[in-house]
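# Examination of the molecular architecture
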Amino acid sequence: MIAFLIKRLMHAILVMFVISVLAFAIQDNLGDPVQQMVGQSVPESEREAIRERLGLNDPFLVQYVRFAKNAVQGDFGYSYFYREPALEVIARHLPATLELVFAATLIIVLFSVPIGVYSAIKPRSPISRLFMGVSIVGISIPVFLTAIVLIQIFAIGVTVTLFPESTGWGAWLNDFFSTEGNMPSFGRGYDLVNVVGHWDTNLATWNGLQHLVLPAVSLASIMLPLFIRLIRAEMMEVMQSEYVKYARAKGISMRRVYFVHALKNTMLPVITVGGVQIGTMVAYTILTETVFQWPGMGLMFLDAINRADIPLIVTYLMIVGVIFVVTNTIVDLIYGLVNPTVKLTGKPA
Amino acid sequence: MSTTNNSSQASASPSRWERLRDSYMWYSFKRDYTAQLCLAVFICMVIAAFASPLLAPTNPYDLSQIDIMSSELPPFWIDGADDRYALGTDAQGRDLWSVVLYGTRVSLLIGFGAVILQALIGVTFGLMAGYLGGRVDTILMRLADIQLSFSTLMVAIVVGALVKATMGSAFYSQYAVMMLILIIGLAEWPQYARTVRASVLAEKNKEYVDAARVMGLRSKRIMFRHVLPNTMSPIFVISTVQIANAIISEAALSFLGLGMPETHPSLGSLIKSGFDYIQSGSWWITLIPGAVLVVLVLSINLLGDWLRDVMNPRLYKG
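Cut-off values and rules
Residues numbered from 1 in each chain as written. Chains lettered and ligands numbered in written order. Predicted model: local features only at pLDDT ≥ 70, side-chain atom pairs only at ≥ 80, totals over all residues. Helix = DSSP H or I, 4+ residues; strand = E, 2+ residues; numbered from the N terminus. Buried ≥ 20, exposed ≤ 12 C-beta atoms within 10 Å, placed from the backbone. Contact = placed C-beta atoms within 7 Å. UniProt positions renumbered as here; feature names shortened; annotations may be inferred. Nonpolar A, V, L, I, M, F, W, Y, C, P; charged D, E, K, R; others polar. pLDDT = per-residue confidence, 0-100. Axes fitted to C-alpha atoms, helices over the stretch in contact; angles between N-to-C directions. Parallel < 35°, antiparallel > 145°, perpendicular 65-115°, else oblique. Left-handed = near helix turned anticlockwise from the far one by under 90°.

### Quick look at the overall build of chain A
Helix and strand counts for chain A stand at 13 helices and two strands. Taken along the three principal axes of its C-alpha coordinates, chain A extends 80 × 70 × 35 Å. Taking all 349 residues of chain A together, the buried fraction comes to 33%. A separation of at least 24 residues holds for 69% of the contacts in chain A among residues at least 6 apart in sequence.

Right under this line is the structure:
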């Protein structure tokens, strides 16, 4: 166990080192931060003084060592745009993203397990086939397109005039397929409740929840089909195994066989894939937040790119790197704990 | 396995056609209407896209054919449509049908290009890692692990953003197609490398490899001429999925403004430019290219599903 932890720690340090060097290596060429900070009328001598004061004229290695030394102490420098510590800016934007990811994860877990298990138990039923069909369509729709369609249907509204209005059923069908479009599709809303520090939550008020629904559903829409298909495939494989047949032969109730015996082993690969997908979720928050103008880390990162706000870009990459490394380690740990056949020290099996 | 492969290389082409006709693949294709429909749709879209200069009524790259006065016209089934523009026009007054045709061509070009690049890198690295083993294996797979622990889309977004910021938008837009192929190709090679490595590990202890080695063939020849042909079926299966992924990645990058410029749009940048007008009621500018993108990706994904069922390789999970 300890050997495994040390190994993971070395791995994590290596990854963080690579990220920090990469993030830092391009900064020399990455726009001119001084131009972003000052107005047109500031003379060249003044600009040079600012450059000197920020240490932008030092050699690469000096700048990197200074950066690394400070970063280890939690100091990632000042954001050129916000004029405050970059870590502070990230901390202010982090809760919005975390709440979005949390809400999306909740949707995924609540829907993928029952649907996946059902379509594995009854693979030939029409409902399972419908779920499978919908899920492959779901995989094929990019997350930002789902978001746009949701905005069109629930925030702008759709008026259907396809059916003849004069007949009763036509009018009813038109009404049935038309939507009002009063869902909010922009930002986090006005009704945020402060929990602690920078953490204003959307989860406490009706208005906040309404703002959260569309972004969370969009973000969940890309992962949900994946997990449904994964759970179904794994469950069907487990159902063929000897121990499930034995449990059935013993006369244990089917519900117990499904949910106690089979589901446990189904969840093993789901945990591994889930860990990898958390990383993908972070990437998709950039897209989702852009569409919904959700003031989280993803939107902040894109803005930082456009403003050539180097300290903020570098800090974002480092923080995302930490999130990835930590989640991957936790997933490996959980996997080792729930599956005793795995040797954590990583000896070849 | 190896003997059939060697004889297929030696035999003439007509017998290859007969072999295809007798194969299980053709048998299952004849009975799978979804696969037939998807292949038909996909081929139609590819032909339409690459014949776009012939099919499109206007050339969207030619500024003299664009009339800003005819912008945001709706498609034909909505009141206020113009006969000249069947699917309506976008915010710049370009004929949407023409723009979508040209955009599909750009998207397909980048999708195929990126997959070819990632297959070249991934297959070579996967073969080397699996066959040579040892330190090469450790280094290459550690590299793949690190890159995969970040999602491929994340890598593509970050690299795209940094390259664009470094080189300036003007330069980036000019070489956007090459840039996107490079970025998406470099971001996704580990998928191929891991799949190939897994099947190489399964193949390399078989007798035909031993035989080749005893005959004194060089490693390079054994890797590419003997082992590689026997790892083709998983490569085919993931290739379909990877093309779909690459097209979606390209669309995502373009949607974030890190891809094709609006003057030379792909499906993704059409969706992006239309999104600004969705609140004013012009939904068709964004949703028509969106629908085309979904149909394209869906048909590729369904073909990939069918291929996986037919070839049934042991894919590397996780």
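### Observations regarding the overall build of chain B
Of the regular secondary structure elements, chain B holds 15 helices and zero strands. Each of the three principal axes of chain B carries a C-alpha extent, and together these read 75 × 50 × 30 Å. By the burial criterion, 47% of the 318 residues in chain B qualify as buried. Pairs at least 24 apart in sequence give 70% of the contacts found in chain B among residues at least 6 apart.

### Some words on the UniProt feature "transmembrane region" (unreviewed entry) in chain A
When the UniProt feature table is mapped onto this chain, "transmembrane region" (unreviewed entry) is found at residues 9-27, 100-118, 130-163, 212-231 and 314-338 of chain A. End-to-end, the C-alpha atoms of residues 314-338 of chain A are 36 Å apart, and along that stretch the chain is 100% helix and 0% strand.

### Section: the environment of A:Gln277
Inspection of the secondary structure puts A:Gln277 in helix α11 (residues 254-292). With 21 C-beta atoms counted inside 10 Å, the residue A:Gln277 sits in the buried group.

### A short note on the interface of chain A and chain B
At the interface, 34 residues of chain A touch 35 residues of chain B. Put simply, the parts of the chain that give the side of chain A that touches chain B at least two residues each are α1 (2-25), α6 (126-140), α7 (143-156), α11, α12 (297-307) and α13 (310-338) of chain A. Looking at the side of chain A that touches chain B, the element that brings in the most residues is α11(A), giving 10 residues. Across the side of chain A that touches chain B, the residue classes tally to 25 nonpolar, nine polar and no charged.

### Side note on the confidence of the model for chain B
Residues and elements named next belong to chain B. Residues at a pLDDT of 70 or more form 93% of chain B, whose mean pLDDT is 82. Mean pLDDT in chain B bottoms out at helix α1 (residues 2-10), which sits at 44, and peaks at helix α6 (residues 96-132), which reaches 91. A low-confidence stretch, residues 1-12 (pLDDT under 50), is modelled with seven contacts involving residues beyond four sequence positions or located in other chains. Confidence metrics for the complex model read pTM 0.83 and ipTM 0.80.

### A short note on the packing of α6(B) against helix α7 (residues 134-149) of chain B
All names here are of chain B. Closest axis-to-axis distance for the α6/α7 pair is 7 Å, and the angle between their directions is 140°. Classified by the angle between their axes, α6 and α7 sit oblique to one another. The handedness of the crossing between α6 and α7 comes out as left-handed. When α6 is examined against α7, the residues Phe-125, Met-128, Ala-129 and Leu-132 are found in contact with a partner set consisting of Gly-134, Val-136, Asp-137, Leu-140 and Met-141. Residue composition of the contact of α6 with α7, grouped by class: seven nonpolar, one polar and one charged.

### Considerations on unusual backbone geometry
Residue and element names in this part refer to chain A. For Arg-83, which is not glycine, the phi torsion reads 55° and is therefore positive. Mapping Arg-83 onto the fold places it in the loop between α4 (60-72) and α5 (86-121). Residues other than glycine seldom take positive phi values, yet Gln-293 does so here, at roughly 50°. Here Gln-293 lies in the loop between α11 and α12. For Gln-293, a count of 12 C-beta atoms within 10 Å translates into the label exposed.

### Considerations on α12(A)
Within α12(A) the residues assigned to the buried category are A:Met297, A:Gly298, A:Leu299, A:Met300, A:Phe301, A:Ala304 and A:Ile305. Packed against the buried residues of α12(A) are α5, α11 and α13 of chain A together with α8 (152-167) of chain B. Where α12(A) terminates, the next one or two residues include A:Ala308, which has phi positive at roughly 55°.

### What about the environment of A:Leu263?
All names here are of chain A. Following the sequence through the fold, Leu-263 ends up in helix α11. Note: C-alpha distance between Leu-263 and Phe-176 (87 residues apart in sequence) is 39 Å. In this structure Leu-263 touches Val-117 and Tyr-258, once residues within four positions along its chain are discounted.

### Digging into the confidence of the model for chain A
Predicted coordinates in regions of low pLDDT should not be interpreted in detail. Scored by pLDDT, chain A has a mean of 81; 93% of the residues are at 70 or more. Mean pLDDT in chain A bottoms out at helix α2 (residues 33-37) of chain A, which sits at 67, and peaks at α5(A), which reaches 90.

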